[in-house]
Amino acid sequence: MAEPVVKTRTRSSVITARAAASFDPVGRSVATARAFVRDTLQGWGYSDVVDDAVVLTSELVTNAVVHAGTSADVLCLRTEDGVRVEVADHYPEREIPIQGTGQSFGSPDRENGRGLLLCAALASRWGVEYTPTQKQVWFQLDLPQRPVGTRSAGPVLPTGLLPVADERVRVAVVQIDRTNTIANWNEDAERIFGYAAEQVVGKPLADVAAWPHTPGIGTGIAEALQLSRWEGSYGIRGADGRVIPVYASHLRVRDTHGEPSTVCLLVHDDERAVIQTPLRAPVTETGAENRSADPFEVFIGSPAPDDLDGLLQRTVERARDMLDGDSAFLLLATDDETELEVRATTGLPSARQRFARVPVEAGTGRYSSARMPTVHDDLMAVPGAVPLLNDTGMRSVVTVPLKVEGRLTGSLGVAAEGAGRYSNEEALRLQFAADRIALAVESARLGELERLRRGSLSFLVEASDLLAGTLDRDQTLALMAQMTVPTLATWCAVYTIADQSSDPYLSYVLHEDEERIDGLKALLSKIDPPEPVPTPGARIWSAPSEAAHQAALRTSMRELGAGSSGGSSVGTTLATASAVGGETVVLPLVARNRVIGMLTLGKPSDDHFRQEILELAEDLSRRAALALDNARLYSERTAISQALQRSLLPPGLPQVPGVEVEVIYRAAGEGNEVGGDFYDLFPIRDGAYGFAIGDVCGTGPEAAAVTGLARHALRLLAREGFGGPAVLERLNAAILDEGARSRFLTLLYGELWPQEDGSAILKVVCAGHPLPLRLRQDGTVEPAADPQPLLGVMEDLELYEQVVTLDPGDVLLCVTDGVTERREGTRMLGDDGLADVLTTCTGLTAGAVASRVLRAVERFAAEPASDDMAILAMRVPEPHLA
């Protein structure tokens, strides 16, 4: 029998579409990645391979964000015959099993590594690629061959089972261009929403869309319009101001010029069956029909969301649909069960309500407590009974508690725009559902709290390390703001208080959007700062949002009166108002029982802070306050120390007629301006000048104290008419009088008389100090004095002075032992080394001589100098030739 001829065709490798997304290294990113791949492939019409692609993507993204601990990049590529999905993480050194090496994939029951095993089982082709910065796993799924013209079909149904619709079904067709503005608006859209095409064309879709905020999911209207396909519910604000719930199907297309746009099909939400994609029926195991369904799975659906926000959002959506409501909400109780925090809503402006708090017991009686089921037939008859629903248009509401082991853990509610919609029967149905999910919600909440606590501890440890690493005030302020924005708040302002009698001063402002900082700073500068209350904890501060609202209102009124001029100022004012439009809290900065400032945190557009975030901010404020006060104390003490040190140095060198003088001084130790070495040059009387260079034993403040004593005593005694030996003998007695605080002192003191013939006469006394060196014009170097006993050791000293004449061109070099004792290992510069350096300085000015000596000392050793240094050079210049 002849083999049948099988015709095959080459599969095209041309990429016809692509979609990419990145996901943070957090657990909920796995679910978001699954939804991204499912939406993308369904939008491309590849429903036959969607399930396999979602399974493989889920495993590979889990390996990246959970096990590798990095972000994951997912890229979907479409060809004519299939799809290729690439998942990359940023942990390239992580080993993986490679085919053909004999290395086992491991057990399928392991928590990681199953992605590659599934790729081998499900994908047509797969592989692993490395780059220097990431590891990429890819798989290819080929489409099955199928007859042309058939995509999917449903069974023939009896008329009674068909979906109910109005006599005439209207489908609004709206086309959105690449800038997210409305480009086309058909006749059915005019009839459903009340707007003529010319009223909305050219405006952003966001102007008329009431987009639901889904906690924990970053998809908003702008993101949805960028997806290749999206399907779901939201609202459109009609011309009468009411929100019309719609079900929408978005399809991303491009024209022949390559310009992208999105076509949106919109129907009334109760007519969603007209355009809704049929859900895939769940696969049941053999015998599953005989098992009773899990009530939790029946209510939530399968699979259940694996994160708290996803579970809560699915819960309110199911509750709304179960009771045919217009909105639903879920609140979680605080640890002390005194307040409820809004965590998930649908059909409500949840961005304004998220994390807002309401009391568990709003008043007396059953209907004012969240601990009991409650039905309100008409909220207009009891205004404020459910604060969450104020100004939302909801009339009737049913709420039930979520309890675990008798403890209140939350509250679930469903509301409708019409009055009298709910009775005790609906309350019982909702309570039954709440009882089914309460334990799962509490377990997920505890898991979230544990993650938050671990993250908070890590955050505080890092913050403490950063704050402890600086004693600079301005840097501490910057660190405080940068640690809070955007981790804890959208914007931050730090006020500081100099002392008890000073007003708070706005010291630092930061916003996560740098373009908003100037406007925010200008706004805060115009309002009174918050009161410096020492009470711990965060307190609400409404002044910024009120001031921003008033400024925006005044600017808008002026703009209406002035026409279209000044649009940029209006935009800036409105942007600032939006930036501070949410909740603003103030935390005191208390250090050493004194309020030294305030830390102000803010949220935009009516957002609220979570209690866990406020507690974390309070812990941070305590650490930041101590760091800021330490920086203040360090700055004050440094300024005092530097002022005292500067008082020990001569205020300036006088001009000596006919003599060049240059001094170079280096104090050892960080932050020291004065050490044990010192110098001075001062007028004694007409035509006579005193000079000195000395070295007190040791360095630091103790040596600096003797330095001050010596310098001031020299000036006083010299101006009293005492000669060199008498000055030093009296100084020696003064040092010995210091007792235990006295220090040895080597000192070179002299008096200088410039002469009319161009020379200079010096009388010097060298008390234990390195000898001064004289450089003649011919390059010879010789000592200019004899050594004598140092000061501060013996009471009776017999000192004498020596006369030295400096001829024109001669240089007298005086240094401290920090120069001559400069060391590199066992080598020392010494007197001979200094003399060799001075020999090369013939013809140089006094400043050049001092600089050359300093360079020689610095180059002699690689390590920084550990001793104080002073260099005093005096030169008699040569007369200018006529």
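This one's a predicted model, so the numbers in the text were calculated from it and none came from an experiment.

Draft legend 1. Broad picture of the overall build of the protein. Per the secondary structure count, the protein includes 20 helices and 34 strands. Taking all 882 residues of the protein together, 45% fall into the buried category. Of the contacts made within the protein by residues no fewer than 6 positions apart, 62% connect residues no fewer than 24 positions apart. With the model as given, the accessible surface of the protein reaches about 45,100 Å², and the carbon-plus-sulfur share is 51%.

Draft legend 2. Quick look at the packing of helix H10 (residues 424-468) against helix H11 (residues 473-484). Between H10 and H11, whose axes approach to 10 Å, the crossing angle comes to 165 degrees. Overall, the two elements H10 and H11 adopt an arrangement that is roughly antiparallel. By crossing handedness, the relation of H10 to H11 is classed as right-handed. For the pair formed by H10 and H11, the contact residues are Phe459, Ala463, Leu466 and Leu467 on the first element and Thr476, Leu479, Met480 and Met483 on the second. Its residues assigned to classes, the contact of H10 with H11 comprises 7 nonpolar, 1 polar and no charged.

Draft legend 3. Up close: a negative patch on the surface. A cluster of acidic residues, Asp737, Glu795, Asp796 and Glu798, forms a negative patch on the protein surface. On the secondary structure map, Glu795 appears in the loop between strand S29 (781-783) and strand S30 (802-806).

Draft legend 4. Geometry of the layout of surface pockets. Volume-wise, the second largest pocket comes out at about 490 Å³. Every residue lining the second largest pocket is counted, 19 residues in all, and those nearest its centre are Ala17, Arg18, Trp44, Ser228 and Arg252. Those elements that place two or more of their residues in the lining of the second largest pocket are strand S1 (17-23), helix H1 (28-43) and strand S10 (243-254). Grouping the constituent residues of the lining of the second largest pocket by class yields 9 nonpolar, 5 polar and 5 charged.

Draft legend 5. Representation of the sheet that holds S10. Sheet architecture is open: 6 strands sit in the order S7-S6-S11-S10-S9-S8, paired in antiparallel fashion. Single-partner strands in this sheet number two, and they are strand S7 (182-185) and strand S8 (209-210).

Draft legend 6. Here's a closer look at the sheet that holds strand S5 (residues 135-142). Read from one edge to the other, the open sheet built from 5 strands follows the order S1-S2-S3-S5-S4, with strand pairing classed as antiparallel. The open sheet has two edge strands, S1 and strand S4 (125-130), and neither has a second partner. For this sheet the average axis-to-axis angle between neighbouring strands, irrespective of direction, equals 15 degrees. Sheet analysis places S1 next to strand S2 (residues 72-78), joined by 7 bridges and oriented antiparallel. In the sheet register, Ala19 faces S2, and the bridge partner there is Cys76. H1 contacts S1, S2 and strand S3 (82-89) of the sheet and is inclined by roughly 170 degrees relative to S1. Relative to S5, helix H2 (residues 50-67) is tilted by about 175 degrees, and along the sheet it contacts S1, S2, S3 and S5.

Draft legend 7. Layout of the packing of aromatic side chains. This structure, assessed with the given rule, holds 5 aromatic pairs. Consider the rings of Trp185 and Phe193, whose centres lie 5.8 Å apart with planes at 50 degrees: the pair is tilted. With a centroid separation of 5.8 Å and an interplanar angle of 50 degrees, the aromatic rings of Tyr665 and Tyr679 are classed as tilted. Here Tyr679 lies in strand S24 (residues 677-685) and Tyr665 lies in strand S23 (residues 660-666), a separation of 14 residues in the sequence. Each member of the pair, Tyr665 as well as Tyr679, is classed as buried. One aromatic cluster is present, built from ring pairs that chain together Trp185, Phe193 and Tyr195. Seen from the ring of Phe432, Arg436 lies directly overhead, with NZ or CZ sitting 4.4 Å from the centre. It is Arg827 that lies over the ring of Phe860; its NZ or CZ is 4.4 Å from the centre.

Draft legend 8. Examining the environment of Val494 more closely. Position of Val494 among the secondary structure elements: in strand S18 (residues 491-496). On a C-alpha basis, the gap between Val494 and Ala478 in space is 9.2 Å, while along the polypeptide they are 16 residues apart. Residues contacting Val494, with those up to four places away along its chain left out, are Leu477, Met480, Tyr505, Leu506, Ser507, Tyr508, Leu589, Met598 and Leu599.

Draft legend 9. Spotlight on the side chain of Arg445. Positionally, Arg445 belongs in helix H10. With residues up to four places along the chain from it excluded, the contact list for Arg445 reads Leu308, Leu332, Ala333, Asp335 and Arg407.

Draft legend 10. Molecular detail of the confidence of the model for the protein. With 82% of its residues at a pLDDT of 70 or more, the protein shows a mean pLDDT of 79. Predicted confidence for residues 1-12 stays below pLDDT 50, and this span has 9 contacts to residues more than four positions away or in other chains. Segment residues 214-218: pLDDT under 50, and 10 contacts once partners within four positions in sequence are set aside and those in other chains are kept.

Draft legend 11. Region of the structure containing the pairing of strand S27 (residues 760-767). Judged by how many residues are buried, S27 sits mostly within the fold: 6 of 8 residues are covered. Where strand S26 (residues 745-754) lies against S27, 8 bridges are found, and the strand directions are antiparallel. Looking at the pairing, Leu752 lines up with Leu762 of S27. The turn joining S26 and S27, which pair antiparallel and follow one another in sequence, is formed by 5 residues; a positive phi near 95 degrees is taken by Gly758. In this sheet, S30 lies alongside S27 in antiparallel orientation, the contact comprising 5 bridges.

Draft legend 12. Quick look at the nonpolar core. Membership of the largest hydrophobic core comes to 48 residues, with the highest contact counts inside it found for Met480, Leu524, Leu589 and Leu601. Residue assignment for this core shows that the elements contributing at least two residues are H10, H11, S18, strand S19 (505-511), helix H12 (517-526), strand S21 (584-591), strand S22 (594-602) and helix H15 (611-647). In this view, Leu589 contacts Met480, Val494, Tyr495, Arg594, Val595, Ile596, Gly597, Met598, Leu599, Ser621, Ala625 and Leu628; residues no more than four positions away in its chain are not counted. If you look at the next biggest cluster of nonpolar residues, it comprises 33 residues, including Val54, Leu56, Val65 and Leu143.

Draft legend 13. Local environment of unusual backbone geometry. Put simply, Val485 and Pro486 share a cis peptide bond, and its omega is 0 degrees. You will see that Arg592, though not glycine, has its phi angle at about 55 degrees, which is positive. In this fold, Arg592 is placed in the loop between S21 and S22.

Draft legend 14. Summary view of the pattern of salt bridges. Applying the stated criterion across every chain, the model contains 24 salt bridges. For Arg84, the salt bridge goes to Glu86, with nearest N and O atoms at 2.7 Å. Glu86 matches Arg84 in its accessibility class, with the two residues each being buried. One salt bridge connects Lys135 with Asp89, and the closest N-O pair in it is separated by 3.2 Å. Taken together, the residues span a long stretch of sequence, with Lys135 in strand S5 and Asp89 in strand S3 at a distance of 46 residues.

Draft legend 15. Geometry of the environment of Thr346. With respect to the helices, strands and loops of the structure, Thr346 is situated in strand S13 (residues 339-346). The class of Thr346 is buried, set by a relative accessible area of 6%. When the C-alpha atoms of Thr346 and Trp211 are compared, they prove to be 9.9 Å apart, with 135 residues separating the residues in sequence. Leaving out residues up to four positions away in the same chain, Thr346 has contacts with Gln313, Val316, Glu317, Arg320, Asp326, Ser327 and Ala328.

Draft legend 16. Structural view of helix H17 (residues 724-736). With 13 residues, H17 extends 19 Å between its outermost C-alpha atoms, agreeing within 8% with the 18 Å of an ideal straight helix rising 1.5 Å per residue. Taken together, the buried positions of H17 are Gly724, Pro725, Ala726, Val727, Leu728, Leu731, Asn732 and Ile735.

Draft legend 17. Local environment of the packing of helix H19 (residues 830-839) against helix H20 (residues 846-860). Interaxial distance between H19 and H20 falls to 10 Å at its minimum, and their mutual angle equals 135 degrees. By the criterion of interaxial angle, the relationship of H19 to H20 is oblique. Where H19 crosses over H20, the handedness of that crossing is right-handed. The segment H19 lies against H20, with Leu834, Val837 and Leu838 engaging Val849, Arg852, Val853 and Ala856. For the contact of H19 with H20, the class distribution of residues is 6 nonpolar, no polar and 1 charged.

Thresholds, definitions, all that
Residues numbered from 1 in each chain as written. Predicted model: local features only at pLDDT ≥ 70, side-chain atom pairs only at ≥ 80, totals over all residues. Heavy atoms only, no water. Helix = DSSP H or I, 4+ residues; strand = E, 2+ residues; numbered from the N terminus. Buried < 20%, exposed > 50% of the residue type's maximum accessible area, 1.4 Å probe, protein only. Contact = heavy atoms within 4.5 Å. Areas by Shrake-Rupley, 256 points an atom, 1.4 Å probe, with all protein chains shown as cover. Axes fitted to C-alpha atoms, helices over the stretch in contact; angles between N-to-C directions. Parallel < 35°, antiparallel > 145°, perpendicular 65-115°, else oblique. Left-handed = near helix turned anticlockwise from the far one by under 90°. Nonpolar A, V, L, I, M, F, W, Y, C, P; charged D, E, K, R; others polar. Patch = residues over 30% accessible without salt bridge, like charges linked within 9 Å, V, L, I, M, F, W, Y side chains within 5 Å. Salt bridge = Lys/Arg side-chain N within 4 Å of Asp/Glu carboxyl O. Lys, Arg positive; Asp, Glu negative; His and termini not counted. Charge placed at Lys NZ, Arg CZ, Asp CG, Glu CD. 1 Å grid on protein atoms, 1.4 Å probe; cavity = no way out; pocket = protein on both sides within 12 Å on 5 of 7 lines; lining within 4 Å. Points joined across faces, edges and corners; volume = space filled by probe spheres on them. Pairing = 2+ DSSP bridges. Phe/Tyr/Trp six-rings, centres within 6.5 Å; stacked < 30°, edge-to-face > 60°. Lys NZ or Arg CZ within 6 Å of the ring centre and 35° of its normal. pLDDT = per-residue confidence, 0-100. Core = buried A, V, L, I, M, F, W, Y, C linked by side-chain atoms within 4.5 Å. Expected span 1.5 Å × (residues − 1).

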